[in-house]
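What follows is each chain in one-letter form.
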Amino acid sequence: MRTAPLMLFLCAVLAGCGEFPRDAESTLEQVEAGRPLRVGWSVAEPWVRRGADGGPAGLEPDLVRRWAAARGVRVNWVEAGEAQIVEGLSDNAIDLGLAGFTDVAPWGALVGQTQPYISAKAVIGARPGVRAPDDWNGVSVAYDPRRPGLAALIRARKAVPDLNAPDFRAAYEPELGALGLVSTGTTLATERHAIATPPSENALTFALDRFLHRHRDAIERRLGQEARR
Amino acid sequence: MRAHEPAEFPPEVEQVYRKAVRLEWITVAYIASAATLLYLTMGSSQAMRTSFYEDVISVVPALAFLVGTRVARRSASPDFPYGHHRATSIAHLAAALALCLMGGWLLTEAAMSYFSGERATIGGFNLFGNMVWAGWPMLAALVYTAVPSVILGRMKLKLAPKMHDKVLFADARMMKADWMAESATAVGVVGTGFGLWWLDPLAAALVSADILKDGIGTLKTAVADLIDRRPERADESGFEQLPHEVERMLRGLDWVEDARVRMRDEGHIFIGEAFVMTAPDVADLPAKLEDASARAKAMNWRVHELVVMPVTRLPDA
């Protein structure tokens, strides 16, 4: 194990220099020096939505705006499809991707991503006073039509997705309070959401990770507010 | 006919065997724990992922040893008149294939990740509520998995020649493959941290080529043993001299004019034939032949069975 002392030495050296980890293409350095941060976005409710002005709004764009403001970084928004965003990140043509990415995205190491900033439970909520059935087979469950993914999750439970179902509604757990619902104890899925980065931009990813980690409670509250729209 | 034949090893080697079994159980337990740890810290780093699968493959020689040697120790039966010694050869083949698989697979992975444009990203990691650079826990996990491989590998290398066990030797090579791959991964992690993403596939490719070379060497020996080539030393450092020594002993007997011995490697022990040209009019030949066989077996515990056959002409070598 001749490598062990070498590694220890290397670690000590690394710990000594401030700029670590580093980006393969110096993205963080460049955007902090004034180049605008190119952020690709694609509507993925409730994480990314189109604001009243036609621009990006919602949880993920707000997070990037706050991070950029704290770092004194200008943002250029680029609306694109998810595939284009992935390709753009992979080619370092854009610097961040917002499209409701989760940690089970199929892109492998073609793109990087932050640690999950939220672990969001999609659950079935009920109107107060309504008893949840033991078996969801055939039960009508409402959902927000802007979130087609929820319909699939409802169907996976053998329940019936129905926009006008009166008693039950699929939503993310932090949203239940705002929707006036109580939990039925049924979890449909747990999604771990992340922001996509170009591959091997380690400094950029780490900087975002630290920011997201500091604000994880606020992020959960922010998801609750999405329901009030 | 040999149902009462004692097990594989003489008492002094039996002790070594017990030690080796303990070592292999420790190996299995430790690889299982290391694989779990790697699985939990595994990020998008190519090398981290391959390390995990590599751990899964690297348990094969240890299991092959435990199963193979256990079967090999079963005594002969009417259905298995030659005993079960060859189980060791099968275990050796399995271990050799695992080594080849490991080397070949790591090499393919490294090449594919490089050419498909994959680049590892190592950002943050939530360590007990603190956001730290994910490379640090990765390196810690790698050290944890690599250091015992070095120690276990060395211990196995010491035991393997004592019990002439090629499976144990192949497993020692697997331990070496293990820690070398971990070191390559560590180089990749540190390289990625410096923005040198290509160090990850490059280090992985170099190490996997070395593992593949070891695997092919082991595979050659395992296959040759199954084709009954003359016995090679467990560490592949040359051929065993035992058949020649037995031949020399037989030639030294006063009733033997010339002798030729051939032996095959049945794992730990050798089984073979001795053809002897006898002086004319030897009295009491059957007893002499039995005595010759007993003498050969007394020379070394590895001579498990030697059929001594009187002939008028020696077979070609």
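What you see is a predicted model; the values in this text were computed from it and never measured.

Trainee: Can you lay out the overall build of chain B for me, pointing to particular residues and giving the numbers?
Mentor: Within chain B, the regular secondary structure consists of nine helices and five strands. Against the globule reference of 20 Å for 317 residues, chain B gives a C-alpha radius of gyration of 25 Å, more extended than a compact globule. Dimensions of chain B, computed from the C-alpha atoms along their principal axes, are close to 90 × 35 × 30 Å. When burial is assessed residue by residue, chain B has 53% of its 317 residues classed as buried.

Trainee: Describe in detail helix H3 (residues 59-71) of chain A, supporting the description with residues and values.
Mentor: Residues and elements named next belong to chain A. With 13 residues, H3 extends 19 Å between its outermost C-alpha atoms, agreeing within 8% with the 18 Å of an ideal straight helix rising 1.5 Å per residue. Within H3, burial applies to Leu59, Glu60, Pro61, Leu63, Val64, Trp67 and Ala68. Positive backbone phi, at 70°, marks Gly72, one or two positions downstream of H3.

Trainee: Residue-level account of the sheet that holds strand E10 (residues 168-172) of chain A, with values.
Mentor: What links the strands of a sheet is backbone hydrogen bonding, and the strands pair in either a parallel or an antiparallel sense. Residue and element names in this part refer to chain A. Sheet architecture is open: three strands sit in the order E10-E7-E11, paired in antiparallel fashion. The sheet is open, and its two borders are formed by E10 and strand E11 (182-193), each paired with just one other strand. The average angle at which neighbouring strand axes cross in this sheet is 20°, direction not considered. Of the strands in this sheet, strand E7 (118-126), E10 and E11 are in contact with helix H5 (residues 148-156), which crosses E11 at around 120°.

Trainee: Can you break down the domain arrangement of chain B residue by residue, with the values?
Mentor: All names here are of chain B. Domain annotation for chain B reports domain 1 (11-226) and domain 2 (242-310). Between the C-alpha centres of domain 1 and domain 2 there is a distance of 41 Å. In this complex, domain 1 contributes 13 residues to the contact, which on the side of domain 2 involves ten residues. In terms of surface lost to domain 2, no three residues of domain 1 exceed His85, Arg86 and His164, which account for 49% of the buried area on that side. Remark: the boundary between domain 1 and domain 2 carries five residue pairs in polar contact (both at pLDDT 80 or more). For the side of domain 1 that touches domain 2, the residue count by class is three nonpolar, five polar and five charged.

Trainee: So, the nonpolar core: which residues are in play, and what are the values?
Mentor: By size, the foremost hydrophobic cluster in this structure holds 42 residues, and its most contacted members are Leu37, Trp47, Trp67, Leu96, Tyr117 and Val141 of chain A. Residues lining this core come from more than one domain, with at least three contributed by each of domain 1 (22-117 + 194-226) and domain 2 (119-192) of chain A. Of all hydrophobic cores here, the second largest spans 25 residues; its members include Phe9, Ala20, Ala34 and Ala91 of chain B.

Trainee: Help me get a handle on the pattern of salt bridges, residues and values and all.
Mentor: Residues and elements named next belong to chain B. A complete count under the given rule lists 33 salt bridges over all chains for this structure. Of the charged contacts in the structure, one is a salt bridge between Arg173 and Asp214, with a shortest N-O distance of 3.9 Å. In this pair, Arg173 is assigned in helix H6 (residues 166-193) and Asp214 in helix H7 (residues 199-226), connecting sequence segments 41 residues apart. The class of Asp214 is buried, set by a relative accessible area of 11%. With a closest N to O distance of 3.9 Å, Arg264 and Glu273 form a salt bridge. On the basis of relative accessibility, which here comes to 23%, the residue Arg264 falls in the partly exposed class.

Trainee: A description of helix H8 (residues 216-226) of chain A should follow, citing residues and the corresponding values.
Mentor: Three or more residues of H8 of chain A are buried, namely Ile219, Arg222, Leu223, Gly224 and Glu226 of chain A. Close packing links the buried residues of H8 of chain A with strand E2 (49-50), H3, E7, E10, helix H6 (176-179) and helix H7 (202-214) of chain A.

Trainee: Quick one: what's the story with the pairing of E10 of chain A, residue by residue and with numbers?
Mentor: Residues and elements named next belong to chain A. The element E10 is extensively covered by neighbouring structure, given that four of its five residues are classed as buried. Across five bridges, E7 lies against E10 in antiparallel orientation. The residue bridging Ala122 from the neighbouring strand is Tyr172, located in E10.

Trainee: Describe the sheet that holds strand E3 (residues 256-265) of chain B, and please don't skip the residues or the numbers.
Mentor: Residue and element names in this part refer to chain B. If you trace the three strands from one edge of the open sheet to the other, you get E3-E4-E5, paired in mixed fashion. Every other strand in the sheet has two partners, leaving E3 and strand E5 (303-310) as the edge strands with one partner each. This sheet shows a mean twist of 20° between the axes of neighbouring strands, independent of strand direction. Note that strand E4 (residues 270-278) and E5 share seven bridges and pair parallel.

Trainee: Report on unusual backbone geometry, specifying residues and quantitative values.
Mentor: Residues and elements named next belong to chain A. Look at the link from Glu45 to Pro46: it is a cis peptide, with omega at -5°. Non-glycine residue Ser26 carries a positive phi angle of around 50°. Among the secondary structure elements, Ser26 is positioned in the loop between helix H1 (3-16) and helix H2 (27-32).

Trainee: So, the interface of chain A and chain B: which residues are in play, and what are the values?
Mentor: Taken residue by residue, the interface counts 31 residues in chain A and 30 residues in chain B. Taken together, both faces of the contact between chain A and chain B bury some 2500 Å²; the carbon and sulfur share is 65%. The tally of links between chain A and chain B comes to eleven residue pairs in polar contact (both at pLDDT 80 or more). The set of elements that each furnish at least two residues to the side of chain A that touches chain B consists of H1 and H7 of chain A. Looking at the side of chain A that touches chain B, its residues break down into 14 nonpolar, eleven polar and six charged.

Trainee: Give a description of a positive patch on the surface that names residues and reports values.
Mentor: Residues and elements named next belong to chain B. On the surface, Lys19, Arg22, Arg154, Lys158 and Lys162 cluster together into a positively charged patch. At three residues, helix H5 (residues 135-162) tops the list of elements feeding residues into the positive patch. Using a relative accessible area of 58% as the deciding quantity, one classes Arg154 as exposed.

Trainee: If you had to explain the packing of H6 of chain B against H7 of chain B to someone new, which residues and values would you point to?
Mentor: All names here are of chain B. Remark: H6 packs on H7, axes separated minimally by 7 Å, with the N-to-C direction vectors making an angle of 170°. Judged on the interaxial angle alone, H7 and H6 are roughly antiparallel. Where H6 approaches H7, its residues Lys166, Ala170, Arg173, Lys176, Ala177, Met180, Ala181, Ala184, Val187, Gly188, Gly191 and Thr192 are matched on the opposing element by Leu199, Asp200, Ala203, Ala204, Val207, Asp210, Ile211, Asp214, Gly217, Thr218, Thr221 and Asp225.

Definitions and limits used
- Residues numbered from 1 in each chain as written.
- Chains lettered and ligands numbered in written order.
- Predicted model: local features only at pLDDT ≥ 70, side-chain atom pairs only at ≥ 80, totals over all residues.
- Heavy atoms only, no water.
- Helix = DSSP H or I, 4+ residues; strand = E, 2+ residues; numbered from the N terminus.
- Rg over C-alpha atoms; globule rule 2.2 N^0.38 Å.
- Buried < 20%, exposed > 50% of the residue type's maximum accessible area, 1.4 Å probe, protein only.
- Expected span 1.5 Å × (residues − 1).
- Pairing = 2+ DSSP bridges.
- Axes fitted to C-alpha atoms, helices over the stretch in contact; angles between N-to-C directions.
- Contact = heavy atoms within 4.5 Å.
- Domains from an automatic or database assignment.
- Buried area = accessible area lost by both parts, 1.4 Å probe.
- Polar contact = N/O pair within 3.5 Å; in protein donor to acceptor, adjacent residues only side chain to side chain.
- Nonpolar A, V, L, I, M, F, W, Y, C, P; charged D, E, K, R; others polar.
- Core = buried A, V, L, I, M, F, W, Y, C linked by side-chain atoms within 4.5 Å.
- Salt bridge = Lys/Arg side-chain N within 4 Å of Asp/Glu carboxyl O.
- Patch = residues over 30% accessible without salt bridge, like charges linked within 9 Å, V, L, I, M, F, W, Y side chains within 5 Å.
- Areas by Shrake-Rupley, 256 points an atom, 1.4 Å probe, with all protein chains shown as cover.
- Lys, Arg positive; Asp, Glu negative; His and termini not counted.
- Charge placed at Lys NZ, Arg CZ, Asp CG, Glu CD.
- Parallel < 35°, antiparallel > 145°, perpendicular 65-115°, else oblique.

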